[in-house]
Amino acid sequence: MEGVEARVGLRIAALLTERNAAADHVISERLRVAREQALARARAQRLQAQSAANVTKVGSSLALSGGPDTSSWWQRLGFALPLVVLLVGMFAIDEWHEAAQIQAAVEIDSALLSDPLPPDAFRDPGFLEFLKAPPVETPDVQISEAAQ
């Protein structure tokens, strides 16, 4: 792929050089400045890529000659620590949810057992319909003193 890019770049450069001879002096100078800027940017990128490659090479050669690399353990711990925290959090949430369900069941059972209504009444279909029906409001009857 790099060979294709190099050939295309050479062809473009040759075409620009041909057209440069026939162009005005002002346009030629603008093109020259643009080429110099592009070459400077390309050199800077190439140097940056080489320096990044050198740093990794130096780091690996130091690790080989200097004994075990302790930074890799810290990096592994840094990657594993969030996973451990996530698992502990999920376990804690599960335990809390289970305790909440048990507490709700205890409240329901204690309400049923402390109610004066016998538990068999809850199995009666008529009682279930009674519970589903909206409450009926009874009118307040006031007895006047004259009626007494």
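Use the structure listed above.
Now for a quick tour of the structure. (Residues numbered from 1 in each chain as written. Predicted model: local features only at pLDDT ≥ 70, side-chain atom pairs only at ≥ 80, totals over all residues. Heavy atoms only, no water.)

**A few points about the overall build of the chain**
Alright, step 1. What the chain contains, in helices and strands, is four helices and zero strands.
Alright, step 2. In the chain, the succession of α and β elements from N to C terminus is α-α-α-α.
Alright, step 3. Looking at the 148 residues of the chain, the share that counts as buried comes to 2%.
Alright, step 4. Accessible surface, the chain: about 13700 Å² in total, of which carbon and sulfur atoms supply 65%. (Helix = DSSP H or I, 4+ residues; strand = E, 2+ residues; numbered from the N terminus. Buried < 20%, exposed > 50% of the residue type's maximum accessible area, 1.4 Å probe, protein only. Areas by Shrake-Rupley, 256 points an atom, 1.4 Å probe, with all protein chains shown as cover.)

**Here we look at a nonpolar patch on the surface**
Alright, step 1. On the surface, a cluster of nonpolar side chains totalling about 310 Å² of accessible area is made up of Val4, Val8, Ile12 and Leu16.
Alright, step 2. Residue position: isoleucine 12 is located in helix H1 (residues 2-22). (Patch = residues over 30% accessible without salt bridge, like charges linked within 9 Å, V, L, I, M, F, W, Y side chains within 5 Å. Salt bridge = Lys/Arg side-chain N within 4 Å of Asp/Glu carboxyl O.)

**Considerations on the pattern of salt bridges**
Alright, step 1. Scanning all chains against the criterion turns up two salt bridges.
Alright, step 2. Residues glutamate 29 and arginine 32 are paired through a salt bridge, measuring 2.8 Å at the closest nitrogen-oxygen approach. Within this pair, glutamate 29 and its partner arginine 32 are both found in helix H2 (residues 25-65), separated by three residues, close to a single helical turn.
Alright, step 3. For arginine 32, a relative accessible area of 35% translates into the label partly exposed.

**A short note on the environment of leucine 31**
Alright, step 1. By secondary structure assignment, the location of leucine 31 is in helix H2.
Alright, step 2. Note: C-alpha distance between leucine 31 and leucine 16 (15 residues apart in sequence) is 8.7 Å.

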